[in-house]
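Listed here are the chains, written in short residue letters.
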Amino acid sequence: MTAGPLGRRHFLALATGAAVTAAVPRRARATERPLRGGVLKQIGLEPLTFDVHATVSCETQLVSSLVRRTLFKVVHGARYRPSDFTLSPDLALRAVVSADGRTYTIALRPDVRWESRPPVNGRELVAADVKYSLERALRKSPYAPLLGPVERIDTPDRRTVRVHLADSFAPFVHSLAEPWSAIMPPEVEDRLGDLKATESLIGCGPFMLERYEPGVKAVFSRNPTYHARDLPYLDKVEWLFIKDRPMQLALFRAGQVDLPYHDARVPRSEVSALRRASPGFPVTSWDGLAVRSLAMRTDRPPFNDVRVRRALSLAVNRKNWVAEHLDGDGAEDHGPVPSAMRQWTLAARQLGEGARYLEHDPALARKLLAEAGLAAGLKVKCTNWPGYGPEYVEDLERLARDLRRVGVELQIVNEEHGQYIRGSFLGRFDETSWGPSSIFTEVDGYLYSALRSGQAGNRSHVADAQLDVMLEAQRRIISTSARKQIIDEIQRRAAAQVYYVYTPYPRNVSSWAPHVRNYGPKNSFDRGAQLEVVWLDQA
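Reading guide: rules and limits
Residues numbered from 1 in each chain as written. Predicted model: local features only at pLDDT ≥ 70, side-chain atom pairs only at ≥ 80, totals over all residues. Heavy atoms only, no water. Helix = DSSP H or I, 4+ residues; strand = E, 2+ residues; numbered from the N terminus. Rg over C-alpha atoms; globule rule 2.2 N^0.38 Å. Buried < 20%, exposed > 50% of the residue type's maximum accessible area, 1.4 Å probe, protein only. Contact = heavy atoms within 4.5 Å. Areas by Shrake-Rupley, 256 points an atom, 1.4 Å probe, with all protein chains shown as cover. Polar contact = N/O pair within 3.5 Å; in protein donor to acceptor, adjacent residues only side chain to side chain. Pairing = 2+ DSSP bridges. Axes fitted to C-alpha atoms, helices over the stretch in contact; angles between N-to-C directions. Salt bridge = Lys/Arg side-chain N within 4 Å of Asp/Glu carboxyl O. Arc of directions from axis to C-beta. pLDDT = per-residue confidence, 0-100. 1 Å grid on protein atoms, 1.4 Å probe; cavity = no way out; pocket = protein on both sides within 12 Å on 5 of 7 lines; lining within 4 Å. Points joined across faces, edges and corners; volume = space filled by probe spheres on them. Nonpolar A, V, L, I, M, F, W, Y, C, P; charged D, E, K, R; others polar. Core = buried A, V, L, I, M, F, W, Y, C linked by side-chain atoms within 4.5 Å.

What follows is about the overall build of the chain. The helix and strand inventory of the chain stands at 16 helices and 22 strands. For the chain, the C-alpha radius of gyration of 23 Å lies close to 24 Å, the compact-globule estimate for 539 residues. Considering only C-alpha atoms, the chain reaches an extent of 70 × 60 × 45 Å along its principal axes. Relative to its full complement of 539 residues, the chain shows a buried share of 59%. For the chain, restricting intrachain contacts to residue pairs at least 6 apart in sequence, the fraction spanning at least 24 positions comes to 72%. On the chain, roughly 20900 Å² of surface is accessible, and the fraction owed to carbon and sulfur atoms is 50%.

Our next topic: the side chain of Ser141. Tracing the backbone shows Ser141 in the loop between helix 3 (127-140) and strand 7 (150-157). The exposure class assigned to Ser141 is buried, which follows from its relative accessible area of 7%. From its side chain, Ser141 meets the backbone nitrogen of Tyr143 in a polar contact 3.0 Å long. For Ser141, the contacting residues outside a window of four places in its chain are His53, Arg136 and Trp180.

The subject of this paragraph is the environment of Leu48. With respect to the element layout, Leu48 can be found in the loop between strand 2 (39-43) and helix 2 (58-67). C-alpha of Leu48 to C-alpha of Gln497: the two residues are 449 residues apart in sequence and 35 Å apart in space. Setting aside anything within four residues of it in sequence, one finds Leu48 in contact with Thr60, His417, Gly418 and Arg422.

One open sheet accounts for four strands, arranged 2-11-10-9; its pairing is mixed. Either end of the sheet is taken by a strand with one partner, and the two such strands are strand 2 and strand 9 (207-213). Averaged over neighbouring strand pairs, the angle between their axes works out to 20° when direction is ignored. Pairing geometry for strand 9 and strand 10 (residues 217-222), over six bridges, is antiparallel. Note that in strand 10 the partner of Phe207 across the bridge is Arg222. Along the sheet, helix 2 contacts strand 9, strand 10 and strand 11 (236-240); its crossing angle with strand 9, the most-contacted strand, is approximately 130°.

All right, on to the side chain of Gln61 then. When you line up the elements, Gln61 lands in helix 2. Those residues in contact with Gln61 that sit more than four places away from it in its chain are Val52, Val56, Tyr143, Pro179, Trp180 and Phe525.

A full pass over the atoms with the stated rule returns 43 salt bridges. The residue Arg307 makes a salt bridge to Asp305 at a minimum N-O spacing of 2.8 Å. By relative accessible area, Arg307 is classed as partly exposed at 30%. For Arg404, the salt bridge is made with Glu409, and the minimal N-O distance between the two is 3.7 Å. Looking at Arg404, the relative accessible area reads 43%, which means it is partly exposed.

Every buried residue of helix 10 (residues 362-371) is listed here: Ala365, Leu368 and Leu369. The arc that holds the buried residues of helix 10, viewed along the axis, is 100°, so those residues lie on one side. Contacts from the buried residues of helix 10 go to helix 8 (306-315) and strand 16 (408-414). Taken from the residues just after helix 10, Gly373 is the one with a positive phi, measuring 85°.

With that out of the way, let us pick up the confidence of the model for the chain. Per-residue pLDDT for the chain has a mean of 92; in total, 94% of the residues score no lower than 70. Here residues 1-30 scores under 50 on pLDDT; set against residues more than four positions off or in separate chains, the count is 61 contacts.

Right, let's talk about empty space enclosed by the protein for a bit. According to the stated counting rule, one finds nine cavities of 30 Å³ or more in the structure shown. Taken as a whole, the largest cavity encloses approximately 470 Å³ of empty space. Considering the residues around the largest cavity, the lining is formed by 33 residues, among which His262, Arg265, Ala290, Tyr392 and Phe525 are closest to the centre. Looking at the lining of the largest cavity, the elements that each hand over two or more residues are helix 2, helix 12 (417-422) and strand 19 (505-506). Residues that form the lining of the largest cavity fall into these classes: 17 nonpolar, ten polar and six charged. Volume-wise, the second largest cavity comes out at about 320 Å³. Along the walls of the second largest cavity sit 26 residues, with Ser437, Ser438, Ser449, Ala450 and Gly457 positioned nearest its centre.

Note on soluble globular proteins: their nonpolar side chains tend to be buried together. In terms of nonpolar packing, the biggest core is built from 115 residues, with Leu71, Ile106, Leu125, Phe220 and Leu451 touching the most fellow members. Dropping the residues within four chain positions of it, Leu125 is found in contact with Leu91, Leu108, Val112, Arg113, Trp114, Val130, Ile183 and Cys204. Core analysis: the next-biggest nonpolar cluster, separate from the first, contains 31 residues, Leu312, Ala365, Ala400 and Val406 among them.

With that settled, the discussion passes to helix 13 (residues 444-451). Most of helix 13 is tucked away, with eight of its eight residues classed as buried. When helix 13 is considered as a whole, its buried residues turn out to be Asp444, Gly445, Tyr446, Leu447, Tyr448, Ser449, Ala450 and Leu451. Tucked into the core, helix 13 has its buried residues touching helix 14 (465-476), helix 15 (480-497) and strand 18 (500-503).

Take the sheet that holds strand 17 (residues 432-436) next. Across the sheet, which stays open at both edges, the five strands sit in the order 16-15-17-13-18 with mixed pairing between neighbours. Every interior strand has two partners, whereas the edge strands, strand 16 and strand 18, have only one. Mean inter-strand twist for the sheet, computed between neighbouring axes without regard to direction, equals 25°. By the bridge criterion, seven bridges tie strand 15 (residues 378-384) to strand 16 in an arrangement that is parallel. Bridge pairing in strand 16 links Thr383 to Val413. In the packing of helix 11 (residues 390-404) onto the sheet, the strands contacted are strand 13 (292-296), strand 15, strand 16, strand 17 and strand 18, and the crossing angle to strand 16 comes to about 155°.

Turning our attention to the pairing of strand 5 (residues 92-97). The pairing of strand 5 with strand 6 (residues 103-108) spans five bridges and is classified as antiparallel. The residue of strand 6 that forms the bridge with Ala95 is Ile106. Linkage of strand 5 to strand 6, two consecutive antiparallel strands, is achieved through a turn of five residues, within which Gly101 is found at a positive phi near 75°.

Set out below in structure tokens:
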């Protein structure tokens, strides 16, 4: 939320009516009466752990969000754009921030109850649950810094939470809408000792875990005590753990599943065949927010030499990549802020000196390598997880081909998923690593995580004192225009220093069964908020 005429004394009025008014629909449909009932079958991803506070795994966030909820959420449904991150209330009714921007007073809904099973037995959600959950996330989550400089959390009464910050923090409420900041009851951890096991998945969300079959599926049923009395419309969600992409698509085309992936994506190579075989299926293109980059150990030779980093970037033929390999339907993508965040991202021409290193110039790349003492070339290991899909594998191979032309041999090392998420994804690799970023609903998630010294998401081990000052400063500024000036300078500095080599990415293409209504792709891991408004036309 940004400051209006009230300046720093801004109020986050997040009552349901206000949120809907603020979120002007861009793709409104004719009014339809939702139908209750039915089972949605969706290809999903199996979590390595169910402790959403203790991992960066999107698999855990996706599944957790069906059962556990957050204080706020972003708007969902067919009428909202994939990157419309307008906030609305969830477990909270509203948040009011003090004049100095350092204290948030959060009022909780009075009608929220935990599931009607041990150890919570349907008791009311209270402020102590929120205090426990946020303090736990601050201790355990790799994303904890995205909650800002929290000093302490008070509970003046059963339905009020007061969060005190050391300084103002513009992204605070957006962070409270991310699945990794879910609210959980303390009794579950008290009983189980941790929240890693399936049995810990107990919440107050739209669905409850009914059955879990490792390696096969998880079945979620409607929560009859969910605070939104008319939601969800679905009776059940079957979350199917099918890893083989051809099998996923075959089941989708055969009508055995309703959504072919966790975000309904289909491979671009399959779109024409899908349109021919299933002409009634909706197909839509949308801009994703997962930035793809080559991370480098900038704290070690040779990547501590900016000439080497610039050479790698100059080797990438981004225009050709988009034109030939993505059929012109993609983003060249040149920095930490994804192009879909149009409010914040800078065009290449606005990056100053850094724009030069986004050009394709193999001759200059070889010259810089020679100046760095690497005229004979360079061999480096590059870790990745191939499970993101064939398109990601092909893109990494394209990157390797571009680098090979300037004498850099990228030796690709495929890692197992758990090893990658706990290691390379958090910067624990020896030389380089390639892959997509996580996705965030606030620009700070892309900047602070990837560029601030000492952060878990700082995969390139960037340690830039000038950047650190700017990264801290942009968080304290409530005014969007003033904040953007600093964020612009952050992007220019990052582009000039080439701490990551950003690679192009295609627009996503999604499809779903025509009887799935009020569904729209969303740049979020919050499947609970997305699926609670979906209904099935079973006529």
